[in-house]
Amino acid sequence: MSWQQENRQDSADGKFSVEIQVDGKGHFRYVLSAWTGAAPEDEGALGDGIWTVEEISGLYGWRLPCRNDALRALRLRQTNE
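Let me sum up the structure you'll find in this document. (Residues numbered from 1 in each chain as written. Predicted model: local features only at pLDDT ≥ 70, side-chain atom pairs only at ≥ 80, totals over all residues. Heavy atoms only, no water.)

This brings us to the overall build of the protein chain. Assigned secondary structure in the protein chain consists of two helices and four strands. Walking the protein chain from its N terminus toward its C terminus, one meets helices and strands in the order β-β-β-α-β-α. Dimensions along the principal axes, computed over C-alpha positions, put the protein chain at roughly 45 × 30 × 15 Å. Counting the 81 residues in the protein chain, one finds 31% classified as buried. Considering only residue pairs separated by 6 or more positions, the protein chain has 40% of its internal contacts joining residues 24 or more positions apart. When the accessible area of the protein chain is evaluated, it comes to approximately 5,400 Å², of which 48% is carbon and sulfur surface. Separation between the mean location of the 9 positive side-chain charges and that of the 13 negative ones in the protein chain comes to 11 Å. (Helix = DSSP H or I, 4+ residues; strand = E, 2+ residues; numbered from the N terminus. Buried < 20%, exposed > 50% of the residue type's maximum accessible area, 1.4 Å probe, protein only. Contact = heavy atoms within 4.5 Å. Areas by Shrake-Rupley, 256 points an atom, 1.4 Å probe, with all protein chains shown as cover. Lys, Arg positive; Asp, Glu negative; His and termini not counted. Charge placed at Lys NZ, Arg CZ, Asp CG, Glu CD.)

Here you go:
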């Protein structure tokens, strides 16, 4: 199954991102990622840091519920930091 990015929303502080994805069959999901900055000793290998996947949702049959849950997950992640 091949997933294509449809939309991306970044948190205000730039530490989190949620991406809405769609496959060829009309299923939707979201992927919540967090930015992990590199330690000074890792900057050569990692650059400034890397995005790590925190959560991948289940499948949605409609875009709107997926979008609503994705934005809710982003808000919850921001408030827990």
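Attention now goes to the sheet that holds strand 1 (residues 4-10). The sheet built from four strands is open, its strands ordered 1-2-3-4 with antiparallel pairing. Where the open sheet ends on each side, the last strands, each with one partner, are strand 1 and strand 4 (49-56). Strand after strand, the sheet turns through a mean of 30° between neighbouring axes, direction not considered. (Pairing = 2+ DSSP bridges. Axes fitted to C-alpha atoms, helices over the stretch in contact; angles between N-to-C directions.)

Soluble globular proteins tend to bury their nonpolar side chains together. In this structure, Val18, Ile20, Phe28, Tyr30 and Cys66 are the most contacted members of the largest nonpolar core, which totals 13 residues. Where this core is concerned, the elements lending two or more residues are strand 2 (16-22), strand 3 (28-37) and helix 2 (63-79). Look past the residues within four positions of phenylalanine 28 in its chain and what remains in contact with it is Trp3, Glu6, Ile20, Gln21, Val22, Gly58, Leu59, Tyr60, Gly61, Trp62, Arg63 and Cys66. (Core = buried A, V, L, I, M, F, W, Y, C linked by side-chain atoms within 4.5 Å.)

Note that every value here comes from positions in space, so none of it alone points to a role or purpose.
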